Amino acid sequence: MTRICVALAVFGPLVVPTAAVGQDETFRDEVRQALRYYAGDWTTQAKFGDEVSEATWSAKWSAEGSCLVVNMTGANLIKKGDEETVTLYGTGIIGWDEVAKCIKETVFWSNGSTYSATYKKTSPDDVIPAESTWSGEATGVLYGEEYTEKVTIERKGREEFVWKAYEFVLGSAKKPDIVVTFSKNVHDVAENREKLEEA
């Protein structure tokens, strides 16, 4: 809900028993329900040090409805040398990783950088992160260097959530925190509210 171009993906509200982890249709439906909050078009505002950038983030269901396919834009807030600010384009997938037993996000950016995040269970009885705040870890490559960071996602209501990266290390250099606020686009708000009320 990438912190390189600064746009993100997140995963939503649901706690299910560990015994239900098998990939049967019921569990797949529960995963889809958990991700449904994030489907639609969002506007993002990212802050990285003194840099501020607005961008877009759009999540649509895959043809078979098993994951979200995300298309996003974002400024290259993390620059190399005298690099100018340009718009980058990213494509990602968010879904359930049955092997790792977690929600997983992978993003590929137009400048060759990559981003991969996992959101694991928050307690022994949880499979998908609990409703209010989630935490995870992310890794990727930027300018040929690997980076790591810890991430949190906090829902501020049905139409806004905040993604934050901290302990961000690129190569051996510690970087400032990144904070991205996602706001649901107006035309999606009414439809999304109806779907959430039906759940």
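Definitions and limits used
Residues numbered from 1 in each chain as written. Predicted model: local features only at pLDDT ≥ 70, side-chain atom pairs only at ≥ 80, totals over all residues. Heavy atoms only, no water. Helix = DSSP H or I, 4+ residues; strand = E, 2+ residues; numbered from the N terminus. Buried < 20%, exposed > 50% of the residue type's maximum accessible area, 1.4 Å probe, protein only. Areas by Shrake-Rupley, 256 points an atom, 1.4 Å probe, with all protein chains shown as cover. Phe/Tyr/Trp six-rings, centres within 6.5 Å; stacked < 30°, edge-to-face > 60°. Salt bridge = Lys/Arg side-chain N within 4 Å of Asp/Glu carboxyl O.

Enquirer: Where do I start with the overall build of the chain in this structure?
Expert: A tally of regular secondary structure across the chain gives two helices and eleven strands. Along its sequence from the N terminus, the chain presents helices and strands in the succession α-β-β-β-β-β-β-β-β-β-β-β-α. Here the chain holds 199 residues, and the buried ones make up 45% of them. Surface summary for the chain: the accessible area is close to 9,600 Å², and the carbon and sulfur share equals 50%.

Enquirer: Just checking my understanding: could you explain unusual backbone geometry for this structure?
Expert: Glycine aside, the phi torsion of most residues is negative, and most peptide linkages are trans. Even without glycine at this site, Tyr143 takes up a positive phi of about 55°. As for its position among the elements, Tyr143 is in the loop between strand E7 (133-142) and strand E8 (145-155). Judged by its relative accessible area of 28%, Tyr143 is partly exposed. One non-glycine residue with positive phi stands out, namely Glu167, at about 50°.

Enquirer: I would appreciate a short explanation of the packing of aromatic side chains in the present structure.
Expert: Two descriptors summarise a pair of aromatic rings, namely the distance from one centre to the other and the angle between the planes of the rings. With the rule as written, the count across this model stands at nine aromatic pairs. Here Tyr37 and Trp42 contribute two aromatic rings whose centre-to-centre distance is 5.7 Å and whose plane-to-plane angle is 50°, an arrangement assigned as tilted. There is no split in this pair, since Tyr37 and Trp42 are both buried. Ring geometry for Tyr147 versus Phe168: centroids 5.6 Å apart, planes at 80°, classification edge-to-face. Here Tyr147, found in strand E8, pairs with Phe168, found in strand E9 (residues 160-170); they are 21 residues apart in sequence, far enough to count as distant. The pair Tyr147 / Phe168 is uniform in exposure class, with both members buried.

Enquirer: So what exactly am I meant to see when it comes to the pattern of salt bridges here?
Expert: Think of it this way: side chains of opposite charge can pair up when their charged atoms draw near. This structure, assessed with the given rule, holds five salt bridges. Across the pair Asp177 and Lys164 runs a salt bridge whose closest N-O atoms are separated by 3.9 Å. Residue Asp177 is located in the loop between strand E10 (173-175) and strand E11 (178-184), and its partner Lys164 is located in strand E9; the two are separated by 13 residues in the primary sequence. Given a relative accessible area of 32%, Lys164 falls into the partly exposed group.

Enquirer: How do you make sense of the environment of Val180 when you look at a structure like this?
Expert: Mapped onto the elements, Val180 comes out in strand E11. Residues Val180 and Phe161, 19 residues apart in the sequence, show an inter-C-alpha distance of 8.5 Å.

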